[in-house]
Amino acid sequence: MVGITQPTPKEHVNAHGVWDLFRNMGKMTVFSLCLLLCADLLDLAVGYLTVTIEPLPPVVVGETVTLKCNFKTDGRLREIVWYRVTDGGTIKQKIFTYDAMFNTNYSHMEDYRRREDLVYQSTVRLPEVRISDNGPYECHVGIYDRATREKVVLASGNVFLTVMSPPNNISVVAENTPAPFSRYQAQNFTLLCTAKGGKPAPSVYFKRDGELIEVISYTMPTASEAGTGSANFRGARPLISRDLDETKLQRSLSLLDPEGRLSRLHTESPQHYHSQGQQASEPSPATEVIPETVVSREFPRWVHSTDPLYYFSHTHVPQSDGSVVVQARLTWTLNPQLDNDALFSCEVKHPALSMPMQTEVTLAAPKGPKLFMTPTRAKVGDTVRITVQGFQNEVFPEPLFTWTRVGGRLLDGSTEREGRELILERVPAELNGSMYRCTAQNPLGSTDTHTRLIVFENPSMMKNTQNPNNEACHLEIVGLAWMTLILTVTAGLT
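Computed from a predicted model, the values in this text were never measured in an experiment.

Undergrad: Can you explain the sheet that holds strand S25 (residues 400-405)? Please cite residues and give values.
TA: Spatially, S26-S25-S28-S29 is the arrangement adopted by the four strands of the open sheet, whose pairing is antiparallel. This sheet does not close on itself; its edge strands, each paired only once, are strand S26 (417-418) and strand S29 (445-452). Where strand S28 (residues 435-442) lies against S29, eight bridges are found, and the strand directions are antiparallel. Residue pairing in the sheet places asparagine 442 in a bridge with glycine 445 of S29.

Undergrad: I'd like to hear about the pattern of salt bridges, residue by residue, with values.
TA: Across all of its chains, the model carries nine salt bridges by this definition. In this structure, arginine 208 engages aspartate 209 in a salt bridge whose closest nitrogen and oxygen atoms are separated by 3.9 Å. For aspartate 209, a relative accessible area of 48% corresponds to the partly exposed category. Linking arginine 385 and glutamate 421 is a salt bridge whose minimum nitrogen-to-oxygen distance equals 3.3 Å. Pair noted here: arginine 385 is in strand S24 (residues 384-390) and glutamate 421 is in strand S27 (residues 421-424), with a separation of 36 residues, a long-range link.

Undergrad: Now, about the environment of glutamate 347: what can you tell me, with residues and values included?
TA: With respect to the helices, strands and loops of the structure, glutamate 347 is situated in strand S20 (residues 343-349). Apart from residues no more than four positions distant in its own chain, glutamate 347 is found in contact with Ser203, Val204, Tyr205, Lys207, Pro356, Met357 and Gln358. A distance of 3.4 Å separates polar atoms of two side chains, one belonging to glutamate 347 and the other to lysine 207.

Undergrad: Can you explain the state of the cysteines? Please cite residues and give values.
TA: The bond known as a disulfide is covalent and runs between the sulfur atoms of two cysteines. As enumerated under the stated definition, the model contains two disulfides in all. The partner cysteine of cysteine 69 in its disulfide is cysteine 139, sulfur to sulfur 2.1 Å. The sign of the -90° torsion about the S-S bond sets the cysteine 69-cysteine 139 disulfide as left-handed. You can see cysteine 69 sitting in strand S3 (residues 65-73) and its partner cysteine 139 sitting in strand S9 (residues 135-144), a full 70 residues away along the chain. Among the cysteines of the protein that take part in disulfides, numbered as they appear in the sequence, the pairing is 1-2, 3-4.

Parameters and conventions
Residues numbered from 1 in each chain as written. Predicted model: local features only at pLDDT ≥ 70, side-chain atom pairs only at ≥ 80, totals over all residues. Heavy atoms only, no water. Pairing = 2+ DSSP bridges. Helix = DSSP H or I, 4+ residues; strand = E, 2+ residues; numbered from the N terminus. Salt bridge = Lys/Arg side-chain N within 4 Å of Asp/Glu carboxyl O. Buried < 20%, exposed > 50% of the residue type's maximum accessible area, 1.4 Å probe, protein only. Contact = heavy atoms within 4.5 Å. Polar contact = N/O pair within 3.5 Å; in protein donor to acceptor, adjacent residues only side chain to side chain. Disulfide = S-S within 2.5 Å.

So, in structure tokens, the structure goes:
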């Protein structure tokens, strides 16, 4: 132990009050004294440096972002460097540097990609941000070491830039089209809404005639499950008062398997009733048989449901640019009587949008396709094309076109042909007056349109076929004339 004496009034007292500390503590070890003196000298040599970055709210593609790096120090500034961190933090790419020694700043990006601007030493502005700018950024600040004046003391801060992108395209199509219309068998119908370009993934929902559709969510089956036709439903909505009609109740119960869970998504089978309401047959687990009277709008009672069951599923497909493609499906048992002319809309909500995006379609059965024939005046040997030019109304979903010849087979020997166009190559004269039928149908209904083929004589073909005969006749006439001349001369000489 070493005794510490109190200093006299003439003795020097350091600025940090070391002797005051000694006076209060009384005695202390030499080791403790050395620690205090070293800490004091180190503080005087190094100083202090702190770096903080203000957090950034999510920004939308195309906006301007300012990255501000706040630092405090009593040392001499050496440089400020901004990094963009990629690959989970394994790669740090310099994007901007401020050199305090020469009071210069420069970008580390290529000239054609340079978009960074230095606002004030530690502040960088990114105009018109892109999805690719999303991610973490770091600001590194360096000051000179007071002791050596050669070493640089560093401190850093980080911030995450979240870039949002609204969907740039939405569309609605009908899956599994074109498809035929069946008046005998009910069909499942699916609308597919696709939203592209959103980041993060947008929310998608359907409306019918402006009203939000209450749906039953289910999970899309995997490849193995698709082979067995099974789907895993996450739940079903509870029955409400107007659903408690006995036929609708049986319809709802038919969706449940023996364990009370929702079964695979198939067209439900309704009950068939006689005029007195007695059950005629047991329901089939797969399809529904609608009687011929569907054409005259006489549906089984359950088909008149004003609250059909809609099933909803969606999938997210990540893209290489960071956006997500969302595909939403709405499936239900189609009722041509109730669903014809129904307006369905797909709406997309996204935090980068001030109001939802929307696209809509109106379900409609085809009516009266317009047919166009070329050439308009067909001759024997021409190639005739009969094409569907349009309809008397807008048709959705896409119709299926089937061509037949009334009372016979088509020119190639087939009974029917599908497509928007029927091609008859090198039509013979025998097809003159033949009638062709175009059947346009979609799951909501079908319609037939007829056109008659008129074939005119082809003069060029007639000329080619008649020239050999004319030449033979001409030779015969010449021969007879010569023979007559010879006989006359012979008779005169004799």
